[in-house]
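Inside the fold
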Amino acid sequence: MKAAFITGHGGNEVVQVGERERPARRPGEVRVRLHAATLNQVDLYMRNSGAGITHSLPQIMGLDGAGVIDEVDADEALLKPGQRVVLHPGLNCGRCEFCQRGEGVLCTRMQFLGEHRDGSFAEWVSLPARNVFPMPAHLDFMEAAALGVNHLTAWRMLFTKARVKPWETVLVFGIGGGVSLAALQLAKAAGARVIVTSRDDIKLERAMAMGADHGINSRSGDVAKAVLTFTGGRGVDVVIENVGEAVWPAAMKSLVRGGRLVTCGATSGDQPPADLRRIFIRQLQILGSTHGDFSEFHDLLAFIEQQRIVPVIDSRFPIEGIHEALNRLESGLQFGKVGLSIQP
Ligand SMILES: [Zn+2]
């Protein structure tokens, strides 16, 4: 089958499109003929170094994906061949301490597609049935694929970790990235007021057109000061951020007393000043989050369908255009997801 895979670590020279063996379906698994996938920051990380992630080379890239079921067990009750489905890319063990208490997202033996095992930038993938979910009917394959990492991550941050309420205000840093745009869409659909930041006025304008209540240019303006202006001097209830060091001081100063900051990344550095006095005096909560579990994915898909939310696709490339797609993601110029189509 055709697939995009890494043969080493470095730049695009280690990324190839070529033939890989079609995965055999094991009992309990569902084999999916993939139609589309989208790129995530971790795809760049795996290409560049993959440090700290157990994997073997060559390895097929890609975490998220959507397609059509090809083959299931004869006694499979919920899924059937021909069904349009979206993938949950995290394979937990189901047996460790964390899985047993219902927190599979903390599994000590978690394996992600495209990180620890062959991924979704391929014509076929075979996964445990519990990782395969019916697709929201109003989306195309690429839009559906986008839900499996970014929207699920944003969902857990907003609703499981921060417990955002409809009357609250959320500050989302770095609008244009996949998780940030997902957080904007989900928080607005849940009724919250949303302030976004970007270093790019055009991205701010696009976010406002999508429903953001305020946009702050973090290159030219003081984010915390602007947030206080927009909130009558109060500050926001929740900060959603994955930028790290570059925005941390502004994020801390933007929070109302008792506010919650949820972080899922540190693209600009992971050692910001802790500002402990502010944390205890103002009783701030700093919450770490990553990805989401099966029940959260189930809830997300129902919400996406009910609210008719459509993930933003920045650009669409054929799988043969994987180098251009990776370049687009690496440029930071994108607004939304960079997608790959894997058409028959
Ligand atoms: Zn486990």
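Look above for the structure.
This write-up is about the structure you can find in this document. (Residues numbered from 1 in each chain as written. Predicted model: local features only at pLDDT ≥ 70, side-chain atom pairs only at ≥ 80, totals over all residues. Heavy atoms only, no water.)

Looking now at unusual backbone geometry. Between L57 and P58 the backbone carries a cis peptide bond, its omega angle lying at -5°. On the secondary structure map, P58 appears in the loop between helix 1 (41-48) and strand 4 (59-60). Of note, Q283 is a non-glycine position whose phi angle comes to about 55°, a positive value. (Helix = DSSP H or I, 4+ residues; strand = E, 2+ residues; numbered from the N terminus.)

What follows deals with the packing of aromatic side chains. Each aromatic ring pair is described using two quantities: the centre-to-centre distance and the angle formed by the ring planes. Within the structure shown, the criterion is met by 5 aromatic pairs. The rings of F133, F294 and F297 are connected pair by pair, giving a single aromatic cluster. Looking at R20, its charged tip hangs above the ring of F5, at a distance of 5.1 Å from the centre. The cationic tip of R33 hangs over the ring face of W124; the distance from NZ or CZ to the ring centre is 5.1 Å. (Phe/Tyr/Trp six-rings, centres within 6.5 Å; stacked < 30°, edge-to-face > 60°. Lys NZ or Arg CZ within 6 Å of the ring centre and 35° of its normal.)

This part is about the nonpolar core. The nonpolar side chains of a soluble globular protein tend to be buried, and buried together. Counting residues in hydrophobic clusters, the biggest one holds 49 residues, and the most contacted among them are L158, V170, L186, V196 and I240. Among the secondary structure elements, those contributing two or more residues to this core are helix 3 (141-145), helix 4 (150-161), strand 11 (169-172), helix 5 (178-189), strand 12 (193-198), helix 6 (201-209), strand 14 (236-241) and helix 10 (294-307). Sort the elements by how many residues they give to this core and helix 5 lands first, with 7 residues. Among the nonpolar cores identified, the runner-up in size contains 42 residues, and V42, L87, I322 and V338 belong to it. (Core = buried A, V, L, I, M, F, W, Y, C linked by side-chain atoms within 4.5 Å. Buried < 20%, exposed > 50% of the residue type's maximum accessible area, 1.4 Å probe, protein only.)

It is worth spelling out the coordination of the zinc ion at this point. In the first shell of the zinc ion, the protein supplies C93 (SG), C96 (SG), C99 (SG) and C107 (SG), at 2.3 to 2.4 Å from the metal. In this structure, the zinc ion is coordinated by 4 donor atoms arranged in tetrahedral fashion, with angles at the metal of 103 to 118°. Written as a sequence motif, the donor residues of the zinc ion are C-x2-C-x2-C-x7-C. In terms of burial, C99 and C107 fall into one category: buried. (Donors = N, O, S within 2.8 Å, 3.2 Å for Na, K, Ca; no water. Tetrahedral: all angles 85-135°; square planar, octahedral: opposite > 155°, others 65-115°.)

Moving on, we get to the packing of helix 1 against helix 11 (residues 322-331). The N-to-C vectors of helix 1 and helix 11 enclose an angle of 110°; their axes lie 10 Å apart at closest approach. By the angle class used here, helix 1 and helix 11 are roughly perpendicular. Contact residues: Q41, D43, L44, R47 and N48 in helix 1; L326, L329 and E330 in helix 11. Residue classes in the contact of helix 1 with helix 11 are distributed as 3 nonpolar, 2 polar and 3 charged. (Axes fitted to C-alpha atoms, helices over the stretch in contact; angles between N-to-C directions. Parallel < 35°, antiparallel > 145°, perpendicular 65-115°, else oblique. Contact = heavy atoms within 4.5 Å. Nonpolar A, V, L, I, M, F, W, Y, C, P; charged D, E, K, R; others polar.)

Before going further, it helps to examine the environment of D118. Relative to the helices and strands, D118 is located in the loop between strand 8 (111-112) and strand 9 (124-128). Note on D118: relative accessible area 34%, which makes it partly exposed. With 32 residues separating them along the chain, D118 and N150 place their C-alpha atoms 19 Å apart. Among the polar contacts made by the side chain of D118, one reaches the main-chain amide nitrogen of I60 at a distance of 2.8 Å. (Polar contact = N/O pair within 3.5 Å; in protein donor to acceptor, adjacent residues only side chain to side chain.)

Here H151 shows up in helix 4. The contact partners of H151, leaving out residues within four places of it in the chain, are A146, A182, Q185, L186, L300, I304, I309 and P311.

Taken in spatial order, the 6 strands line up as 13-12-11-14-15-16 in an open sheet, and their pairing is parallel. The sheet is open, and its two edges are formed by strand 13 (214-217) and strand 16 (285-288), each paired on a single side. Going across the sheet, the axis of each strand differs from the next one's by a mean of 20°, ignoring polarity. In this sheet, strand 13 lies alongside strand 12 in parallel orientation, the contact comprising 4 bridges. Bridge pairing links V196 to G215 in strand 13. Against the sheet, helix 6 touches strand 12 and strand 13, its axis set at about 170° to strand 13. (Pairing = 2+ DSSP bridges.)

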